[in-house]
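Listed below are the residues making up each chain.
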Amino acid sequence: MPNLGLTVSATTRAPRAGEVDGVNYHFLSEDEFSRRIANGDFVEWAQVHDHRYGTLVQEVEQKLSSGSSLILEIDVQGALNVKERFPDSILIFIEPPSMEVLEQRLVGRGSETEESLRLRLANARHEMSLADRYDVRLVNDDLDAATDELSRVLREYERN
Ligand SMILES: Nc1ncnc2c1ncn2[C@@H]1O[C@H](COP(=O)(O)OP(=O)(O)OP(=O)(O)O)[C@@H](O)[C@H]1O
Ligand SMILES: Nc1nc2c(ncn2[C@@H]2O[C@H](COP(=O)(O)O)[C@@H](O)[C@H]2O)c(=O)[nH]1
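By the naming in an unreviewed UniProt entry, the protein goes by Guanylate kinase and is assigned to Collinsella tanakaei YIT 12063. According to UniProt, the comment filed for the protein under the heading Function (unreviewed entry) is "Essential for recycling GMP and indirectly, cGMP."

Draft legend 1. Representation of the site of ligand 1 in the model. Around ligand 1, the neighbouring residues are Arg105, Leu106, Arg109, Arg120, Ala124, Asn140, Leu143 and Ala146. Elements with a minimum of two residues in the shell around ligand 1: α4 (99-109), α5 (114-128) and α6 (143-159). The greatest single-element share of the shell around ligand 1, amounting to three residues, is contributed by α4. Grouping the amino acids of the shell around ligand 1 by side-chain chemistry returns four nonpolar, one polar and three charged.

Draft legend 2. Fine view of unusual backbone geometry. If you check the backbone angles, histidine 49 has positive phi at about 55 degrees while not being a glycine. Note on placement: histidine 49 falls in the loop between β4 (42-48) and β5 (51-56).

Draft legend 3. A look at the site of ligand 2. Ser9, Ala46, Tyr53, Ile74 and Gly78 are the nearest of the 14 residues found near ligand 2. Contributing elements (two or more residues each) for the shell around ligand 2: β4, β5 and α3 (76-85). Partitioning the shell around ligand 2 into residue classes produces four nonpolar, six polar and four charged.

Draft legend 4. Expanded view of the sheet that holds strand β3 (residues 26-27). A sheet is described by the order of its strands in space; here four strands give the open sequence β3-β2-β5-β4, paired in mixed fashion. Edge strands, defined here as strands with exactly one partner in the open sheet, are β3 and β4. Contacts from helix α2 (residues 57-65) reach β4 and β5, with the element oriented near 35 degrees to β5. Contacting β4 and β5, α3 crosses the sheet at an angle of about 155 degrees to β4.

Draft legend 5. Layout of the nonpolar core. The biggest cluster of nonpolar side chains holds seven residues, and these are Ala10, Phe33, Phe42, Val43, Trp45, Tyr53 and Leu56. Those elements that place two or more of their residues in this core are β4 and β5. Per element, the largest residue contribution to this core is three residues, and it comes from β4. Residue contacts for phenylalanine 33: discarding those within four places in its chain leaves Ala10, Thr12, Leu28 and Arg52.

Draft legend 6. View of the domain arrangement of the protein. By the assigned domains, the protein splits into domain 1 (1-71) and domain 2 (90-160). The C-alpha-based centres of domain 1 and domain 2 are spaced at 20 Å. Contacts between the two partners involve five residues from domain 1 and, on the opposite side, nine residues from domain 2. Grouping the amino acids of the side of domain 1 that touches domain 2 by side-chain chemistry returns two nonpolar, one polar and two charged.

What counts and how
Residues numbered from 1 in each chain as written. Chains lettered and ligands numbered in written order. Predicted model: local features only at pLDDT ≥ 70, side-chain atom pairs only at ≥ 80, totals over all residues. UniProt positions renumbered as here; feature names shortened; annotations may be inferred. Near = placed C-beta within 6 Å. Helix = DSSP H or I, 4+ residues; strand = E, 2+ residues; numbered from the N terminus. Nonpolar A, V, L, I, M, F, W, Y, C, P; charged D, E, K, R; others polar. Pairing = 2+ DSSP bridges. Contact = placed C-beta atoms within 7 Å. Axes fitted to C-alpha atoms, helices over the stretch in contact; angles between N-to-C directions. Core = buried A, V, L, I, M, F, W, Y, C linked by C-beta atoms within 7 Å. Buried ≥ 20, exposed ≤ 12 C-beta atoms within 10 Å, placed from the backbone. Domains from an automatic or database assignment.

Following this line, the structure appears as structure tokens:
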């Protein structure tokens, strides 16, 4: 398995129950996020759903300097920007088995209002319409099977 580092993004979204600052995200105020943009601190950032999310240059440099390849878990806008800036990057589109299953999962998480649930589902539909711009598509039905498939894809790209 390749040596992989997962970057911790910055976001203006409020932490969910159990989320820890610096582990799940760097949780920033709107002002701080704007200041970081002006400072050139982001490799990419995007407005996703109702909040801003971005990949910090510092996170990327830190992980790369430790010899890791990087995984960015980011939205479609961010992914396409990264591909343009780093053409060697591999875009893997991880999709739910169906919109119904995605809705059940989001409702089960208990994190969304009716309004934010509708917004996330509409955005998911839009993101899925762009999935053919990705290098690989992977259906996340059974979690263990999807994890195995992701490992297989990563190993395959590591070899090439
Ligand atoms: N294979 C799976 N089986 C069961 N539940 C899953 C599986 N994969 C993800 N989930 C759960 O589904 C919910 C939604 O996950 P997902 O990553 O799609 O959410 P999200 O990050 O909010 O989506 P988005 O990228 O659209 O913002 C989470 O609670 C997650 O734990
Ligand atoms: N363009 C970016 N998108 C990001 C980044 N970090 C996360 N995300 C995407 O945001 C949504 C919502 O995430 P959630 O934690 O609120 O459910 C999801 O699609 C993430 O992939 C980022 O740094 N840049």
